[in-house]
Number of protein chains: 2
Amino acid sequence: MNDQATMTAAVLTAFGGPEVLAVRHDVPVPVPGREQVRVRVGAAALNNTDIWTREGAYGTADDPDARAGWLGPIAFPRIQGGDVAGVVDAVGAGVTSELLGRRVLVDPARYAHDGPDAPITAVLGSEFDGGFAEYTVVDAARVHDVTGSPLTDEQLACLPIASGTAMGMLERAGIVAGETVVVTGAAGGVGLAAVGLAAARGARVTAVTEQAKAALVEQAGARRTIDRSGPVEDVVAAVRAAHPGGVDAVVDVVGGDQLARLIDVLVPGGRAVVAGAVAGPVPAIDLRRLYLHNRVLIGSTMHTAAHFAKLVDHARAGDIRPRVAARYALRAIHEAQQQFLRREHVGKIVVVPADTTPGE
Amino acid sequence: MNDQATMTAAVLTAFGGPEVLAVRHDVPVPVPGREQVRVRVGAAALNNTDIWTREGAYGTADDPDARAGWLGPIAFPRIQGGDVAGVVDAVGAGVTSELLGRRVLVDPARYAHDGPDAPITAVLGSEFDGGFAEYTVVDAARVHDVTGSPLTDEQLACLPIASGTAMGMLERAGIVAGETVVVTGAAGGVGLAAVGLAAARGARVTAVTEQAKAALVEQAGARRTIDRSGPVEDVVAAVRAAHPGGVDAVVDVVGGDQLARLIDVLVPGGRAVVAGAVAGPVPAIDLRRLYLHNRVLIGSTMHTAAHFAKLVDHARAGDIRPRVAARYALRAIHEAQQQFLRREHVGKIVVVPADTTPGE
């Protein structure tokens, strides 16, 4: 239990460029309400959503150019940061004191109801304050005790959003041991997590990635990599050459024509699961390639409570080892985001509130 | 057990127009081989595949303009007819004589293996001789005893291909009681079967169909119908107006832009299942409308052995009542196909070998 009154936090003051993200040292330490806990943040990881939410780049269903967060309006000031690992240091009414001092991984989602497959209604660091701070308050039901995990806080903080999204994809596609899985965008946050999680469940992973990052993607669990730098036809031909009998599943965060063509590489009954479409959101899809072979195209966003529980099992067992690409003090979050946006890293970039050294 | 040596059959002699389909009276009665039975055909139903196979309209993966059947080359002469109900009148070696005299519904598929979800490797009336004949020989494992069914042979013959395909769609989409389901092409063979089967499992069906056929589609089990005659935007708007909270599933045999837009009417986690694409095989699909809402696009062709077993349960219980739109003597098959191709009927058109009256 701390007796600080104020803390350091990165505060988003409005939609805009990096200048609207302010590191402040006078932010009130939050107090947990009923059924909530306060977590002293050990580490928090960076995600694309931090940037896109700051820019208000999500638009709305009615107006794609409107400035909005993922789920709609953002209330400012807002502390971002959906990926939090740390230690419970205070509990609110109705929460057992046994949680005090436990090392926890925070499920960043709030759900519509208590069922295992409930839809997500709000996300940590978007609709409510998150982990780019010394302390954050979350619902007690959303903290998972990982005290015994062999992973560091920095490794744990790599997991929730990227690996939660990847776990959602693997679960929704029903990927099991022994299956052959193609992962696209495999050096990105979600892609790299999908490689590691698919390998952890015994799938044989072929990863599509840039040559310079191939070694690290193989280290994460890919049995082979395919160079993504050529035209889509070449990438798909290389996948087909590597798997003349077809692949059981495609785990895709790229979209566009490449996804449309990768459907053709699936075995009968094969599944393509998609969670993003940076290469093109509205590709032409040949329905015949789906229905003549009983193939399935599955959309997937983030995770469910059931998926997250499976991710926590991996965190506890330590059978996945997320790669920390870089580590910054929280006060150096602007430098951290600059490196993030250069997109040369493989793995996750984390910020550490307890680190009081100047930024790199 | 009959002691006829020859029989009447409609024999396809080559790819071509109606002239390559010859009604002959000197066709040898087939003899069941090991693990096979002979069925005296009570009724056989017409399907699009009869026409398309006769025309060789399926093409091949390498050459869309090649003349080929659904699964590739067709050996002539070929007796078509994949929808057969009748009575077992002879058994081959290794088959129990208890089957003799049983009224059966024939699963038209041959499967790659004995598992419940095995892929289909051949289809009755396409890769081997079918039911446009007085007798047909099929694998004993593929006949289902429906002796006690309240359905007539003509009603039973309506089921295998159209209702098997519809059952495959409902099963692959996991449609359950209480769900709201939109069925497109609802007056067609597969569509009408999907309406009846979805209603039989307690789903609430909204059917998209032409106005003139709406009453019969409602009789088949649709709670409401939506006129398909307007532009796609109007059809989709009408579905949305009828279901402002979204629909759980879309069962589609039409494809094209309409399917692409109907995806948007699905609830989060909703499923669209597609088995045909007469309105356009390669629509632009907005992947964001899939992944942001965890929606799924499922391709489905025909059925599995497990699906067919569920269809047989309905046939035995009589809780579906397929509509016989018209009935012809087998020898009048050309007239039957002419009516079929006018596409004014609702339900299935059947031919009856035992009927020796001249065609209508």
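Residues numbered from 1 in each chain as written. Chains lettered and ligands numbered in written order. Predicted model: local features only at pLDDT ≥ 70, side-chain atom pairs only at ≥ 80, totals over all residues. Heavy atoms only, no water.

**Regarding the environment of Val37(B)**
Residue and element names in this part refer to chain B. So the rule is basically this: Counting from the N terminus, the helices are the DSSP runs of H or I reaching at least four residues and the strands are the DSSP runs of E reaching at least two. The classification of residues rests on relative accessible area computed with a 1.4 Å probe and restricted to protein chains. Under 20% of the type maximum is buried, over 50% is exposed, and intermediate values are partly exposed. Only heavy atoms enter the contact rule, under which two residues are in contact if any of them lie within 4.5 Å.
Its location among the elements puts Val 37 in strand S3 (residues 36-45). Taking relative accessible area as the criterion, Val 37 reaches 0% and is therefore assigned buried. Those residues in contact with Val 37 that lie beyond four places of it in its chain are Pro 32, Val 88, Ala 90, Val 91, Val 95, Leu 99, Thr 136, Val 137, Val 138, Ala 140 and Val 143.

**Remarks on the sheet that holds strand S2 (residues 21-28) of chain B**
All names here are of chain B. This is how the line gets drawn: Pairing between two strands is assigned when DSSP locates at least 2 bridges connecting them.
Across the sheet, which stays open at both edges, the three strands sit in the order S2-S1-S4 with antiparallel pairing between neighbours. Across the chains shown, the open sheet's two edge strands, defined by having one partner strand only, are S2 and strand S4 (78-79). One ladder, built from two bridges, connects strand S1 (residues 6-12) with S4; its direction is antiparallel. Among the inter-strand pairings, Leu 12 is bridged to a residue of S4, identified as Arg 78.

**So, the pairing of strand S11 (residues 180-183) of chain B**
All names here are of chain B. This is how the line gets drawn: Seen with its strands pointing away from the viewer, a crossover is right-handed if its path from the first strand over the helix to the second goes clockwise.
Here S11 shows no split at all, with Thr 180 and Val 182 on one side and Val 181 and Val 183 on the other all buried. As paired elements, S11 and strand S12 (residues 204-209) share four bridges and run parallel to each other. Counterpart to Val 183 in the pairing with S12 is Ala 207. Regarding topology, helix H4 (residues 189-200) serves as the crossover connection from S11 to the parallel S12, and that connection is right-handed. Judged from the three bridges that link them, S11 and strand S14 (residues 247-252) form a sheet pairing that is parallel. Following the sheet pairing, Val 182 is matched in S14 by Val 250.

**Describing the interface of chain B and chain A**
The condition is simple: Joining two parts hides part of their accessible area as seen by a 1.4 Å probe, and the buried area is that hidden amount summed over both. Think of a salt bridge as a Lys or Arg side-chain nitrogen and an Asp or Glu carboxyl oxygen that are within 4 Å of each other. Pairs of N or O atoms within 3.5 Å make up the polar contacts considered here, provided that, within protein, one atom can donate a hydrogen while the other can accept it, and that residues adjacent in sequence are counted only when both atoms are side-chain atoms. In this count, Pro and Cys sit with the nonpolar residues alongside Ala, Val, Leu, Ile, Met, Phe, Trp and Tyr, while Asp, Glu, Lys and Arg are called charged and the others, Gly among them, polar.
Contact residues are listed per partner, giving 30 residues for chain B and 29 residues for chain A. Interface area, chain B with chain A, both sides summed: about 2,200 Å², of which 64% is carbon and sulfur. Counting the contacts that link chain B with chain A gives zero salt bridges. Where chain B meets chain A, there are 13 residue pairs in polar contact (both at pLDDT 80 or more). When contributions to the side of chain B that touches chain A are tallied by element, the ones reaching two or more residues are helix H7 (256-262), helix H8 (287-291) and strand S16 (296-299) of chain B. Classifying every residue of the side of chain B that touches chain A gives 17 nonpolar, nine polar and four charged. Bridge analysis of strand S16 (residues 296-299) of chain A against S16(B) gives three bridges, and the strand direction is antiparallel. Note that in S16(B) the partner of Ile298(A) across the bridge is Val296(B).

**Focus on the relation of the copies chain B and chain A**
As a reminder, the rule being used: Alignment of the copies relies on least squares applied to C-alpha atoms, considering only residues that score at least 70 for pLDDT in both.
The transformation that overlays chain B on chain A combines an axial shift of 0.0 Å with a rotation of 180 degrees, and the residual RMSD is 0.0 Å. Expressed as a symmetry operation, the mapping of one chain copy onto the other fits a two-fold axis. If distances are taken from each C-alpha of chain B to the rotation axis, the shortest is found for Ala284(B), at 2.0 Å. Most of the interface of chain B is mirrored in chain A: 97% of its interface residues are interface residues there too.

**Overview of the sheet that holds strand S2 (residues 21-28) of chain A**
If you walk across this open sheet you meet the three strands as S2-S1-S4 (chain A), and the pairing is antiparallel. Only two strands of the sheet have a single neighbouring strand rather than two, namely S2 and strand S4 (78-79) of chain A.

**So, the packing of aromatic side chains**
Ring pairs (aromatic) are described by centroid distance and by the angle formed between their planes. All names here are of chain A. Applicable threshold: Centres within 6.5 Å are what make two rings of Phe, Tyr or Trp a pair, Trp counting through its six-membered ring; a difference in plane orientation under 30 degrees is then read as stacked, over 60 as edge-to-face, and the rest as tilted. Lysine and arginine charges are scored as sitting over a ring when NZ or CZ, respectively, is within 6 Å of the ring centre and within 35 degrees of the ring normal.
Applying the stated criterion across every chain yields a total of four aromatic pairs over all chains. Geometrically, the ring pair formed by Trp 52 and Tyr 58 is edge-to-face, given 6.3 Å between the ring centres and 80 degrees between the ring planes. Residue class for Trp 52 comes out partly exposed when judged on its relative accessible area of 34%. Across from the ring centre of Tyr 135, 5.4 Å away, lies the NZ or CZ of Arg 38, which sits over that ring.

**So, the domain arrangement of chain A**
Residue and element names in this part refer to chain A. Spelled out, the test is: Just so you know, the domain bounds were taken from an automatic or database domain assignment.
By the assigned domains, chain A splits into domain 1 (6-158 + 322-352) and domain 2 (165-299). Contact with domain 1, which involves six residues of that partner, is made by four residues of domain 2. Of the roughly 500 Å² buried at the junction of domain 1 and domain 2 (both faces included), carbon and sulfur atoms supply 69%. Of all residues in domain 1, Arg 323, Val 346 and Gly 347 bury the most surface against domain 2, accounting for 71% of the area lost on that side. The interface formed by domain 1 and domain 2 includes zero salt bridges. Where domain 1 meets domain 2, there are one residue pair in polar contact (both at pLDDT 80 or more).

**Some details on the side chain of Thr206(B)**
Residues and elements named next belong to chain B. Looking at where Thr 206 falls in the secondary structure, it is placed in strand S12. Overall, the relative accessible area of 2% leaves Thr 206 in the buried class. Sequence-distant contacts of Thr 206, that is, excluding residues within four places in its chain, are made with Val 181, Val 182, Val 183, Arg 224, Ile 226 and His 243.

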